[in-house]
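Fold and contact review
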Amino acid sequence: MTPVIVAGGGIGGLAAALGLARAGRRVVVLERSARFRELGAGIQLGPNAFRAMSRLGIGELPYRYAVFIEELRLLDAVGGGVLARLSLGERFRSRFGAPYAVVHRGELHRALLEACRSAGITLRPGCAVERYEQDGDGVRVFLTGGESLTGAALVGADGLHSAVRRQLAGDGPPTVSGHVTYRSLIPSDRMPEALRRPAAMLWAGPRCHLVHYPLVGGAFYNAVITCDSGATEAVAGEPVGADEVARQFAAVGPGARSLVEAGSDWRRWVLCDRPPLRNWQDGRVVLLGDAAHPMLQYAAQGACMALEDAASLSGHVEGGPADPTEAFARYVADRRDRTARVQTVSRRLGKELYHPRGREAEARDSMLAALDESALHHEMSWLYEH
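Residues numbered from 1 in each chain as written. Predicted model: local features only at pLDDT ≥ 70, side-chain atom pairs only at ≥ 80, totals over all residues. Heavy atoms only, no water.

Bringing the overall build of the protein chain into the picture now. Counting secondary structure elements, the protein chain contains 12 helices and 19 strands. Over its C-alpha atoms the protein chain spans a radius of gyration of 21 Å, differing by no more than 12% from the 21 Å that the globule rule assigns to 386 residues. Residues classed as buried in the protein chain amount to 54% of the 386 residues present. At a minimum sequence separation of 6, the contacts of the protein chain that also span at least 24 residues come to 75%. Split by element, the accessible area of the protein chain, about 16,200 Å² in all, is 48% carbon and sulfur. Put simply, the protein chain has 45 plus and 43 minus side-chain charges, and the middle of one group is 0 Å from the middle of the other. (Helix = DSSP H or I, 4+ residues; strand = E, 2+ residues; numbered from the N terminus. Rg over C-alpha atoms; globule rule 2.2 N^0.38 Å. Buried < 20%, exposed > 50% of the residue type's maximum accessible area, 1.4 Å probe, protein only. Contact = heavy atoms within 4.5 Å. Areas by Shrake-Rupley, 256 points an atom, 1.4 Å probe, with all protein chains shown as cover. Lys, Arg positive; Asp, Glu negative; His and termini not counted. Charge placed at Lys NZ, Arg CZ, Asp CG, Glu CD.)

Moving on, we come to the nonpolar core. In terms of nonpolar packing, the biggest core is built from 69 residues, with Leu30, Leu154, Val155 and Leu313 touching the most fellow members. Among the elements that take part in this core, helix H1 (residues 11-22) stands out by supplying 8 residues, more than any other. Excluding its chain neighbours within four sequence positions, the residues that come into contact with Leu313 are Leu20, Val155, Val286, Leu288, Phe328 and Tyr331. In terms of nonpolar packing, the next biggest core, distinct from the first, is built from 32 residues, Ile69, Leu74, Tyr100 and Leu296 among them. (Core = buried A, V, L, I, M, F, W, Y, C linked by side-chain atoms within 4.5 Å.)

Before going further, it helps to examine the packing of aromatic side chains. Tallied over the entire structure, the rule returns 11 aromatic pairs. The interplanar angle of 70 degrees and the centroid separation of 6.1 Å between the aromatic rings of Phe92 and Tyr384 together place this pair among those described as edge-to-face. Of the two residues, Phe92 sits in helix H4 (residues 90-96) while Tyr384 sits in helix H12 (residues 373-384), which places them 292 residues apart along the sequence. Taking the relative accessible area as the measure of exposure, Tyr384 reaches 5% and is therefore buried. Judged by centre distance (5.8 Å) and plane angle (70 degrees), the rings of Trp280 and Tyr331 are edge-to-face. In this pair, Trp280 sits in the loop between strand S17 (267-273) and strand S18 (281-282) while Tyr331 sits in helix H10 (residues 325-354), placing the two residues 51 residues apart along the sequence. Tyr331 carries the same exposure label as Trp280, and that label is buried. Among the aromatic residues, those joined into a cluster by ring pairs are Phe92, Phe96, Tyr100 and Tyr384. (Phe/Tyr/Trp six-rings, centres within 6.5 Å; stacked < 30°, edge-to-face > 60°.)

In strand S1 (residues 4-7), alternate side chains face the same way, and those of Val4 and Val6 on one face and Ile5 and Ala7 on the other are all buried. The sheet contact formed by S1 and strand S11 (residues 153-156) spans 4 bridges and is parallel. Looking across to S11, one finds that Val6 is bridged to Val155. The parallel pair S1 and strand S2 (residues 27-30) is bridged by H1, and the resulting crossover is right-handed. (Pairing = 2+ DSSP bridges. Right-handed = clockwise from strand over helix to strand, strands pointing away.)

Our focus in this paragraph is the sheet that holds S18. Read from one edge of the open sheet, 6 strands run S7-S2-S1-S11-S19-S18, paired in mixed fashion. Single-partner strands in this sheet number two, and they are strand S7 (122-124) and S18. The sheet contacts of H1 involve S1, S2, S7 and S11, and relative to S2 the element is tilted by about 170 degrees. (Axes fitted to C-alpha atoms, helices over the stretch in contact; angles between N-to-C directions.)

All right, on to the sheet that holds strand S8 (residues 129-134) then. Taken in spatial order, the 3 strands of this open sheet run S8-S9-S10, and their pairing is antiparallel. Single-partner strands in this sheet number two, and they are S8 and strand S10 (148-151). Put simply, the sheet's adjacent strands are angled 20 degrees from each other on average, direction ignored. As defined by bridge partners, S8 adjoins strand S9 (residues 139-143) across 5 bridges and the pair is classed as antiparallel. Bridging from a neighbouring strand, Tyr132 pairs with Val141 of S9.

Attention now goes to the side chain of Thr339. With respect to the helices and strands, the residue Thr339 is situated in helix H10. In this structure Thr339 comes out as buried when scored by relative accessible area, which is 1%. Dropping the residues within four chain positions of it, Thr339 is found in contact with Trp280, His293, Met295, Met305 and Asp309.

Our next topic: the environment of Gly172. As for its placement among the helices and strands, Gly172 is situated in the loop between helix H6 (163-168) and strand S12 (175-187). It is 25 Å that separates the C-alpha atoms of Gly172 and Glu38, two residues lying 134 residues apart in sequence.

A few words on unusual backbone geometry. Positioned with a positive phi, Val216 is a non-glycine residue whose angle comes to about 50 degrees. Residue Asp265 is not a glycine yet carries a positive backbone phi of 50 degrees. Its place among the elements puts Asp265 in the loop between helix H8 (254-262) and S17. Among the residues examined, Asp265 registers a relative accessible area of 71% and is labelled exposed.

Okay, here's the thing in structure tokens:
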């Protein structure tokens, strides 16, 4: 059987490979790095992500590694007051049919990688895709270094700077948002006692915000703090000193500042995304995850959307002919409007919920004060009930 080739061995690519394998396809995963690994620390998994993993047949994986936090809490980063809170207990689970959790990226990625090995999926690190060619019989994928592989189809899950997208869409580099994120993994015993809660806590401030939540059974806290600094060049994982981080968040109050002071070994990312793309498909070639719809972090849905993509793709391919062109078209039609909405909402949340100041912040606070738990559930239903 000619394989389906998946370019990209991150969470989305591995999930897609598992789904395709369970749909009866032979799969080869090509990862550009010298080894399969996942950068970053924590991700948030909404009920829609749990539902997607269940459809992929891997619904048990997050329960092994996730921390099932008790609430989402939004606070004023300057004054310290609580702006909104949402319990994630029984009423939330009953409404959305699944829990909300946080998990270390590395743990989830390793679990997916082991599941791929168990499923007999071929995993090839050190294989960077440069371009592809296709005809009526299949796709030829050309790698850096001159090697080429032939497959029945190609799934471009190769991330923000996707080589597959570059050829398929030709839409240039990603959009640099100007927002800079600093990340640190803080041991629990170094976390300020007032912040040691089984919750995802978000401090919203003027042109900045701070997020933290427990990971690895509560042994660590993931700190993700972001400011709108007007940065113009993309950066990923660059080490920075604590003095730079402290300087960027000097305007926040003592509660939020205690998180900044607890962190160490900070790394910096400049956030990028792209406007929604209508066409993800070129015949036997299709995009998935960040290659198709990179989004800012503000809806906490990047990994969730990739998992949904993987479930949709494999569902449309299952039971179909060897040529998946029509299945790919149905998958794109199924996914593009939803992911475009999440991309757009993610941008709006950064501007209108996380980073406003002055009168805009006052309007946000008034809006949130008028929302009870039922209203919050209603606002989230389009996202979590999918």
